[in-house]
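Inside the fold
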Amino acid sequence: MQETIIATYRGLVAFVLMFISGSIALLIKWLTFGKSVNWGSKYIVAPSSRLILRIVGVRFSIPKVRDYPSQQVMYTFNHNSFLDVLILTALAIPNTRFFLSEKTRKIISLTVSALAIGVYYIPVKNDKKRRADFFKRVTQELKNGSGSVFVSSEGVHSFINGIAPFNTGVYEMALKAELPIQPVYLDIPKETNSLEGYRFKSGTISVELLDLIPTKNWELSTLKNEVEKVRNIFLNEFNKRND
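Criteria and thresholds
Residues numbered from 1 in each chain as written. Predicted model: local features only at pLDDT ≥ 70, side-chain atom pairs only at ≥ 80, totals over all residues. Heavy atoms only, no water. Helix = DSSP H or I, 4+ residues; strand = E, 2+ residues; numbered from the N terminus. Rg over C-alpha atoms; globule rule 2.2 N^0.38 Å. Buried < 20%, exposed > 50% of the residue type's maximum accessible area, 1.4 Å probe, protein only. Contact = heavy atoms within 4.5 Å. Polar contact = N/O pair within 3.5 Å; in protein donor to acceptor, adjacent residues only side chain to side chain. Axes fitted to C-alpha atoms, helices over the stretch in contact; angles between N-to-C directions. Parallel < 35°, antiparallel > 145°, perpendicular 65-115°, else oblique. Nonpolar A, V, L, I, M, F, W, Y, C, P; charged D, E, K, R; others polar. Pairing = 2+ DSSP bridges. Core = buried A, V, L, I, M, F, W, Y, C linked by side-chain atoms within 4.5 Å. Patch = residues over 30% accessible without salt bridge, like charges linked within 9 Å, V, L, I, M, F, W, Y side chains within 5 Å. Areas by Shrake-Rupley, 256 points an atom, 1.4 Å probe, with all protein chains shown as cover. Salt bridge = Lys/Arg side-chain N within 4 Å of Asp/Glu carboxyl O. Phe/Tyr/Trp six-rings, centres within 6.5 Å; stacked < 30°, edge-to-face > 60°.

Side note on the overall build of the chain
- If you tally the helices and strands in the chain, you get 7 helices and 7 strands.
- In the chain, the order of α-helices and β-strands from amino to carboxyl end is α-α-β-β-α-β-α-β-α-β-α-β-β-α.
- Taken over the C-alpha trace, the chain has a radius of gyration of 18 Å; the compact-globule value for 243 residues is 18 Å, and the two agree within 12%.
- Structurally, the chain occupies a C-alpha span of about 55 × 50 × 40 Å along its principal axes.
- When each of the 243 residues of the chain is scored for burial, the buried share is 51%.
- Look at the contacts in the chain between residues 6 or more apart in sequence, and 74% of them connect residues 24 or more apart.

Okay, structure coming up:
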């Protein structure tokens, strides 16, 4: 009973702090006509996410900013926990925008924070035309040098203790925009991973940058094979840590 109360309290605190920090960053964004997105992400949202992680009992080891690629890339990660939102925004990677599903808009705290840092909202899969238009628009923005993007290869799915199948849409975007792939492995121990629950569990997580993957020799005709190779990289990392 006591553990349930503590976990519920931690979850409530997390949402409240996310809403407050997101609101401050969003207000500054409006006052600066959108010019403070990177500043707000680095100095408001990232510190807030790190604080929330500590409050909910999660210790973490993350790369230093200088360890990230200096070039424009598509970051992708293994996505199987609601903790991921806090972990990724805690990284404070400069000039990088995140992809989120439109389904997350019902989570008010997350939406406020997302709007503050310029998140790209991906249309749901069954809205094929709007989704295709979205990827076409973002691909062009990336070609114009709008910075890096952080995406989930697994997309919207039921969280599991493992690596779910990968979607090809974001990889086609990377191929057309000529972006290399930067895999980011989130090591969340099974006992810490609440999966789809908001009752966060104490534990230690780590974030690791894997080897950069060039896409200059990729072709659309063999894209599924290339995507499967990337997934196998994540599978190997998962298996090494879960033998």
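Once the structure has been displayed, the description carries forward.
Here we look at the side chain of asparagine 80
- Locating asparagine 80 in the fold gives a position in the loop between β2 (74-77) and α3 (83-90).
- Taking the relative accessible area as the measure of exposure, asparagine 80 reaches 6% and is therefore buried.
- Polar contacts involving the side chain of asparagine 80 include one to the side chain of histidine 157, which spans 3.0 Å.

Concerning the packing of helix α6 (residues 169-177) against helix α7 (residues 223-241)
- Their axes nearest at 10 Å, the elements α6 and α7 cross at an angle of 110 degrees. Here α7 runs roughly perpendicular to α6, going by the angle between their axes. Contacts between α6 and α7 pair Tyr171, Glu172 and Leu175 from the former with Leu223, Val227 and Val230 from the latter.
- Of the residues in the contact of α6 with α7, the class split is 5 nonpolar, no polar and 1 charged.

Observations concerning the pairing of strand β7 (residues 203-209)
- Of the pairings in the sheet, the one linking strand β1 (residues 58-61) to β7 comprises 4 bridges and is parallel in character. Residue pairing for β7: serine 61 is matched across the bridge by serine 206.
- Alignment of strand β6 (residues 181-187) against β7, held across 4 bridges, turns out to be antiparallel. Directly across from tyrosine 185, in β7, lies its bridge partner glutamate 208.

Concerning the nonpolar core
- Grouped together as the largest cluster of nonpolar side chains are 37 residues, with contacts concentrated most on Ile87 and Phe150.
- Secondary structure elements with two or more residues in this core: α1 (2-31), α2 (37-55), β2, α3, β3 (96-101), α4 (108-116), β6 and β7.
- Element by element, the count of residues in this core is highest for α3, at 5 residues.
- Non-local contacts of isoleucine 87, meaning those with residues more than four positions away in its chain, are made with Leu53, Leu186, Ile188, Ile205 and Val207.
- Counting residues in hydrophobic clusters, the runner-up holds 29 residues, among them Ile122, Tyr171, Met173 and Ala177.

A few points about the environment of alanine 164
- Note that alanine 164 resides in the loop between β5 (148-152) and α6.
- When the C-alpha atoms of alanine 164 and isoleucine 28 are compared, they prove to be 37 Å apart, with 136 residues separating the residues in sequence.

Comments concerning a nonpolar patch on the surface
- On the surface, Leu12, Val16, Phe19, Ile20, Ile24 and Ile108 cluster together into a nonpolar patch covering about 550 Å² of accessible area.
- For the nonpolar patch, the leading source of residues is α1, giving 5 residues.
- Mapped onto the secondary structure, leucine 12 falls in helix α1.
- Residue leucine 12 is classed as exposed on the basis of its relative accessible area of 53%.

A few points about the packing of aromatic side chains
- According to the stated counting rule, one finds 14 aromatic pairs in the structure shown.
- On the basis of an interplanar angle of 65 degrees and a centroid distance of 5.7 Å, the ring pair of phenylalanine 77 and phenylalanine 150 is categorised as edge-to-face. Linking phenylalanine 77 in strand β2 with phenylalanine 150 in strand β5, this pair joins segments that are 73 residues apart in sequence. Summarising the burial analysis for this pair, phenylalanine 77 and phenylalanine 150 share the class buried.

Let's talk about α6
- Residues of α6 that are buried: Val170, Tyr171, Met173, Ala174, Leu175 and Ala177.
- Among the structural elements, β2, β3, α5 (128-143), β5, β6 and α7 are those in contact with the buried residues of α6.
- One or two steps after α6, the chain reaches glutamate 178, where phi turns positive at roughly 60 degrees.

Regarding the environment of histidine 79
- The residue histidine 79 is located in the loop between β2 and α3 in this model.
- For histidine 79, a relative accessible area of 16% puts it in the buried group.
- Between the alpha carbons of histidine 79 and serine 146 there is a distance of 24 Å; along the sequence they are 67 residues apart.
- Here histidine 79 is in contact with Asp84, Ser152, Glu154, Gly155, His157 and Phe159, once residues within four sequence places are set aside.

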